[in-house]
Amino acid sequence: MGTLGNRFHEIGRGYEIVSSQYKRPYIIGVDINENDKPFVLASGDHHSDLGATTVSVEDLLSEKWEEHISKSNCAEFVIELRRAISSGESFPPKFLIEIVNNE
């Protein structure tokens, strides 16, 4: 896991093959010090274009971002996050703090 700028820690990254010359990146990152919208979801478009949006824990766990989660190779991470939140852990859950601190 690497850092994304000064604020976010990368959780996962994957690529969709668009052409023989371009693989579109799908990235999920987290800022464990942010409570409202701690996750950033980023994806590429045409070679050098990149779009990103910040989302809440609830939004990430909703079905809205399933395709992005899958393409960024973060399905297991989201399952673990859902399990931690469902068991009563507040954000950031212990497993996520350990991931970021062991970077």
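Thresholds, definitions, all that
Residues numbered from 1 in each chain as written. Predicted model: local features only at pLDDT ≥ 70, side-chain atom pairs only at ≥ 80, totals over all residues. Heavy atoms only, no water. Phe/Tyr/Trp six-rings, centres within 6.5 Å; stacked < 30°, edge-to-face > 60°. Buried < 20%, exposed > 50% of the residue type's maximum accessible area, 1.4 Å probe, protein only. Helix = DSSP H or I, 4+ residues; strand = E, 2+ residues; numbered from the N terminus. Pairing = 2+ DSSP bridges. Polar contact = N/O pair within 3.5 Å; in protein donor to acceptor, adjacent residues only side chain to side chain. Contact = heavy atoms within 4.5 Å. Expected span 1.5 Å × (residues − 1). Arc of directions from axis to C-beta.

Attention now moves to the packing of aromatic side chains. Tallied over the full model, the rule gives three aromatic pairs. Three or more aromatic residues joined by ring pairs form one cluster here, namely F39, F77, F91 and F95.

What follows deals with the pairing of strand β4 (residues 39–44). Along β4, five of the six residues are buried, which leaves the element largely enclosed by surrounding structure. When strand β3 (residues 22–30) meets β4, the two strands line up antiparallel, connected through five bridges. Paired with I27 across the strands is A42, a residue of β4. Here β4 runs beside strand β5 (residues 50–55); their pairing, made up of six bridges, is antiparallel. From the neighbouring strand, S43 faces β5, where its bridge partner is G51.

A few words on the side chain of S56. For S56, the location among the structural elements is in the loop between β5 and α1 (57–61). Classification of S56 as buried rests on a relative accessible area of 16%. Among the polar contacts made by the side chain of S56, one reaches the main-chain amide nitrogen of D59 at a distance of 3.0 Å. Residues within four places of S56 in sequence aside, it is in contact with D36, K37, P38 and F39.

This part is about helix α3 (residues 75–86). Taking 1.5 Å of rise per residue, twelve residues should cover 16 Å, and α3 covers 16 Å from first to last C-alpha, within 8% of that figure. Three or more residues of α3 are buried, namely F77, V78, L81 and A84. Looking straight down α3, one finds that the buried residues subtend no more than 125° of arc, so they occupy a single side. Away from the buried face of α3 by more than 90 degrees, exposed residues E76 and S86 are located. Those residues of α3 that are buried are in contact with β2 (8–19), β4, α1, α2 (66–71) and α4 (94–101).

Any functional reading would require information that these geometric values do not contain.
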